[in-house]
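Spelled out, the chains give:
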Amino acid sequence: MRIALLVVFMVAGLAPAAHAERDYPWCVFGGGLGFPGECMYSTREQCLASSSGRWNTYCDINPRVRFQQQTPAPRRTR
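Just so we're clear, the structure is a prediction, and the values are computed from it rather than from any experiment.

Chemist: Help me understand the environment of Phe 29 in this model?
Modeler: Here Phe 29 shows up in strand β1 (residues 26–30). Under the relative-accessibility criterion, Phe 29 is labelled buried at 10%. Distance from Phe 29 to Thr 57, taken between C-alpha atoms, is 5.5 Å for residues 28 residues apart in sequence. Beyond its immediate chain neighbours, meaning those up to four positions away, Phe 29 contacts Pro 36, Gly 37, Asn 56, Thr 57, Tyr 58, Asp 60, Ile 61 and Pro 63.

Chemist: Is there a simple way to explain the state of the cysteines in this structure?
Modeler: For the structure on display, the rule yields two disulfides. For Cys 27, the disulfide goes to Cys 39, at an S-S distance of 1.9 Å. Around the S-S axis, the bridge from Cys 27 to Cys 39 shows a dihedral of about 110° and counts as right-handed. Here Cys 27, found in strand β1, pairs with Cys 39, found in strand β2 (residues 38–41); they are twelve residues apart in sequence, far enough to count as distant. Its relative accessible area of 0% is what places Cys 27 among the buried residues. Disulfide pairing is shown between Cys 47 and Cys 59; the S-S distance is 2.2 Å. Note on the Cys 47 and Cys 59 pair: the S-S dihedral is about -110°, so by sign convention the disulfide is left-handed. Remark: Cys 59 occurs in strand β3 (residues 57–61) and Cys 47 occurs in helix α2 (residues 44–51); sequence separation between them is twelve residues. The residues Cys 47 and Cys 59 share a single accessibility class, namely buried. For the chain, numbering the cysteines in disulfides from first to last along the sequence yields the connectivity 1-2, 3-4.

Chemist: I tried to follow the sheet that holds β2 on my own but got confused; where do I start?
Modeler: Taken in spatial order, the three strands line up as β2-β1-β3 in an open sheet, and their pairing is antiparallel. Every other strand in the sheet has two partners, leaving β2 and β3 as the edge strands with one partner each. Each neighbouring strand pair of the sheet contributes to a mean axis angle of 35°, computed without reference to strand direction. Bridge analysis of β1 against β2 gives two bridges, and the strand direction is antiparallel. Residue Val 28 lies in a different strand from β2, and its bridge partner there is Glu 38. Along the sheet face, α2 touches β1, β2 and β3 and points at about 25° away from the line of β1.

The rules we used
- Residues numbered from 1 in each chain as written.
- Predicted model: local features only at pLDDT ≥ 70, side-chain atom pairs only at ≥ 80, totals over all residues.
- Heavy atoms only, no water.
- Helix = DSSP H or I, 4+ residues; strand = E, 2+ residues; numbered from the N terminus.
- Buried < 20%, exposed > 50% of the residue type's maximum accessible area, 1.4 Å probe, protein only.
- Contact = heavy atoms within 4.5 Å.
- Disulfide = S-S within 2.5 Å.
- Pairing = 2+ DSSP bridges.
- Axes fitted to C-alpha atoms, helices over the stretch in contact; angles between N-to-C directions.

Structural data, given as structure tokens:
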């Protein structure tokens, strides 16, 4: 029984992380992180601190946030 519980907890711990409830505005890209990178930073300073010391990484705006901001405002008709 203990082994079964241990296996359940191990599988739950190895399961992919749940999606965040919001899109954070800053991501670390490059360095083999894949797409879309590590998008878990609220400020640019947090992102820069995380990418500091890692080889071939950089900070940029989260693509999901960037493209949400660029949607044109609806035209008003009279």
